[in-house]
Amino acid sequence: MKKTTSAIALALALSIGGSALAAIVHVTGQGISYDPGIALEDARSDAVAKCTSQGGTPVTEVYNHVTRANQWIASSVWSCEVADAP
């Protein structure tokens, strides 16, 4: 009985500890083009590149916006899962 209780406690501690090893941060990317689709694509790839450069994994796009000035200006915000420093 004691081994079972110890095993359950260890498994619970590992699952709680494992979840504390990653953090969600938000990264922003920008893009400018004469075409709105290309501007948004550039903004998304910029945000994903910023996430991966931190050693993270892009999770999902949170928000994007495209506006018209002399050219199309786009921004994209992504959730990024990165490992916490020990």
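Residues numbered from 1 in each chain as written. Predicted model: local features only at pLDDT ≥ 70, side-chain atom pairs only at ≥ 80, totals over all residues. Heavy atoms only, no water.

## Here's the deal with the nonpolar core
Piece 1. Val27, Ala47, Cys51, Trp78, Cys80 and Val82 form the largest nonpolar core, which has six residues in total.
Piece 2. Of all the elements in the fold, those that place two or more residues in this core are α2 (36–53) and β3 (72–83).
Piece 3. Residues in contact with valine 27, not counting those within four places in the same chain, are Ala47, Lys50, Cys51, Gln54, Ser76, Val77, Trp78 and Cys80. (Core = buried A, V, L, I, M, F, W, Y, C linked by side-chain atoms within 4.5 Å. Buried < 20%, exposed > 50% of the residue type's maximum accessible area, 1.4 Å probe, protein only. Helix = DSSP H or I, 4+ residues; strand = E, 2+ residues; numbered from the N terminus. Contact = heavy atoms within 4.5 Å.)

## Side note on the sheet that holds β3
In a beta sheet, neighbouring strands pair by backbone hydrogen bonds and run either parallel or antiparallel.
Piece 1. Taken together, the three strands give an open sheet; going across it, the order is β1-β3-β2, and neighbouring strands pair in antiparallel fashion. Both outer strands of the open sheet, β1 (22–33) and β2 (57–68), are each paired with one neighbouring strand and no more. Direction aside, the axes of adjacent strands within the sheet are offset by 15° on average.
Piece 2. Here twelve bridges tie β1 to β3, and the two strands are oriented antiparallel to one another. Directly across from isoleucine 24, in β3, lies its bridge partner glutamate 81. (Pairing = 2+ DSSP bridges. Axes fitted to C-alpha atoms, helices over the stretch in contact; angles between N-to-C directions.)

## Topic: the state of the cysteines
Piece 1. Considering all chains together, one arrives at one disulfide under this definition.
Piece 2. Paired through a disulfide, cysteine 51 and cysteine 80 show a sulfur-sulfur distance of 2.0 Å. Between cysteine 51 and cysteine 80 the disulfide shows an S-S torsion of about 80°. By sign, it is right-handed. Taken together, the positions of cysteine 51 in helix α2 and cysteine 80 in strand β3 put the pair 29 residues apart, joining distant regions of the chain. (Disulfide = S-S within 2.5 Å.)

## Here's the deal with the environment of proline 58
Piece 1. Within the secondary structure, proline 58 sits in strand β2.
Piece 2. A relative accessible area of 28% means that proline 58 is categorised as partly exposed.
Piece 3. A sequence separation of ten residues divides proline 58 from valine 48, and the C-alpha atoms of the two residues are 6.1 Å apart.
Piece 4. Discounting chain neighbours no more than four positions away, the residues touching proline 58 are Val48, Cys51, Thr52, Trp78 and Ser79.

## A word on the pattern of salt bridges
Here the idea is simple: oppositely charged side chains can pair when their charged atoms come close.
Piece 1. Scanning the entire structure with this criterion turns up two salt bridges.
Piece 2. Residues aspartate 46 and lysine 50 are paired through a salt bridge, measuring 3.7 Å at the closest nitrogen-oxygen approach. Of this pair, aspartate 46 and lysine 50 both sit in helix α2, four residues apart, which is roughly one turn of that helix.
Piece 3. With a relative accessible area of 34%, lysine 50 lands in the partly exposed category. (Salt bridge = Lys/Arg side-chain N within 4 Å of Asp/Glu carboxyl O.)

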